[in-house]
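What the coordinates show
As a plain string of letters, each chain reads:
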Amino acid sequence: MPEGYVRVRPRRTEVRARILDAAMEVFAAEGFNGASINAIASAAGFTKGAVYSNFEAKDELFLALIDRQITQRAEAVLASLADVPGDPGALAATIGQRLMDSVHANPQWQMLFFEFCLRAMRNEDVRLRFVEHRRAMRKRVAETTEALRERLGITAMSAESLTVLVMSLSNGLAIEEMVDPGAVPSGLISDVLTHLQT
């Protein structure tokens, strides 16, 4: 080691980010069940202990990935709306397109999400944690949805219900599109949002 060299330890936020990046790569390559903490640690350039000091189990690591994915999608949708005129139709079209873009941009993520859903349905302990996580996430997303609901002119449905509808549509349409590429019309989500306008 050169004289005067000072080793700088990465900050905790950087460590977590690198672990999440590595986890996404390993999960995508191996699937949830096939991925190991050792492989994730190696891909991140850390020890297994570093992973466990940030995430107590592989399930928790995956839930953190879900948080990040949803946050990134919400931010992408909001960013794309910054220059959209106040016309509800244009707003609905932009939201629908961004949601479908996210499906096409990361099909591996959708596969992992569905794999984890199956795991949750088969394991009661995992399901209970997943339910708690999904409820907290829907509540957080609904805060964004409330502002969009007003701009879209949707008054016959609460922000909470609209959140469930859009998330369910996105997940269901992702299945159809992944199994049969091109089966989902590009403007389908936009059409649904437009028909909800009053």
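Described below are features of the structure shown in this document. Being a predicted model, the structure only gives us computed values, none of them experimental. (Residues numbered from 1 in each chain as written. Predicted model: local features only at pLDDT ≥ 70, side-chain atom pairs only at ≥ 80, totals over all residues. Heavy atoms only, no water.)

**Describing the packing of helix α5 (residues 88–105) against helix α8 (residues 159–179)**
- Close contact between α5 and α8 brings their axes to 10 Å; oriented N to C, the two are set at 40°. Between α5 and α8, the angle falls in the class oblique. The way α5 lies across α8 gives a crossing that is right-handed. For the pair α5 and α8, contact is made by Leu99, Val103 and His104 and by Val166, Ser170, Ala174 and Glu177, respectively.
- Looking at side-chain class alone, the contact of α5 with α8 contains four nonpolar, two polar and one charged residues. (Axes fitted to C-alpha atoms, helices over the stretch in contact; angles between N-to-C directions. Helix = DSSP H or I, 4+ residues; strand = E, 2+ residues; numbered from the N terminus. Parallel < 35°, antiparallel > 145°, perpendicular 65-115°, else oblique. Left-handed = near helix turned anticlockwise from the far one by under 90°. Contact = heavy atoms within 4.5 Å. Nonpolar A, V, L, I, M, F, W, Y, C, P; charged D, E, K, R; others polar.)

**A word on the packing of aromatic side chains**
- Scanning all chains against the criterion turns up nine aromatic pairs.
- The interplanar angle of 20° and the centroid separation of 4.7 Å between the aromatic rings of Phe62 and Phe116 together place this pair among those described as stacked. Taken together, the residues span a long stretch of sequence, with Phe62 in helix α4 (residues 58–80) and Phe116 in helix α6 (residues 107–122) at a distance of 54 residues.
- Phe62 gets classed as buried once you look at its relative accessible area, which sits at 0%.
- One Lys or Arg, Lys58, reaches over the ring of Phe32 and ends 4.7 Å from the middle of that ring. (Phe/Tyr/Trp six-rings, centres within 6.5 Å; stacked < 30°, edge-to-face > 60°. Buried < 20%, exposed > 50% of the residue type's maximum accessible area, 1.4 Å probe, protein only. Lys NZ or Arg CZ within 6 Å of the ring centre and 35° of its normal.)

**Remarks on the environment of Leu148**
- Relative to the helices and strands, Leu148 is located in helix α7 (residues 124–152).
- Residue classification places Leu148 among the buried positions, given a relative accessible area of 11%.
- It is 11 Å that separates the C-alpha atoms of Leu148 and Gly86, two residues lying 62 residues apart in sequence.

**What about the pattern of salt bridges?**
- According to the stated counting rule, one finds six salt bridges in the structure shown.
- One salt bridge connects Asp21 with Arg68, and the closest N-O pair in it is separated by 2.9 Å. Linking Asp21 in helix α1 (residues 12–34) with Arg68 in helix α4, this pair joins segments that are 47 residues apart in sequence.
- Judged by relative accessible area, which is 39%, Asp21 ranks as partly exposed. (Salt bridge = Lys/Arg side-chain N within 4 Å of Asp/Glu carboxyl O.)

**Section: the environment of Leu65**
- Residue placement: Leu65 occurs in helix α4.
- Take Leu65: its relative accessible area is 2%, and that puts it in the buried class.
- Residue contacts for Leu65: discarding those within four places in its chain leaves Leu20, Ala23, Met24, Phe27 and Trp109.

**A word on the packing of α6 against α8**
- Interhelical geometry of α6 versus α8 gives an angle of 115° and a closest axis separation of 11 Å. The interaxial crossing formed by α6 with α8 has left-handed handedness. Together, Pro107, Gln110, Met111, Phe113 and Phe114 of α6 and Asn171, Ala174, Ile175 and Met178 of α8 make up the contact between the two elements.

**Focus: the side chain of Ser190**
- As for its placement among the helices and strands, Ser190 is situated in helix α9 (residues 188–196).
- Residue classification places Ser190 among the buried positions, given a relative accessible area of 8%.
- If we skip the residues at most four places from it in the chain, Ser190 touches Ala92, Ala93, Gly96 and Gln97.

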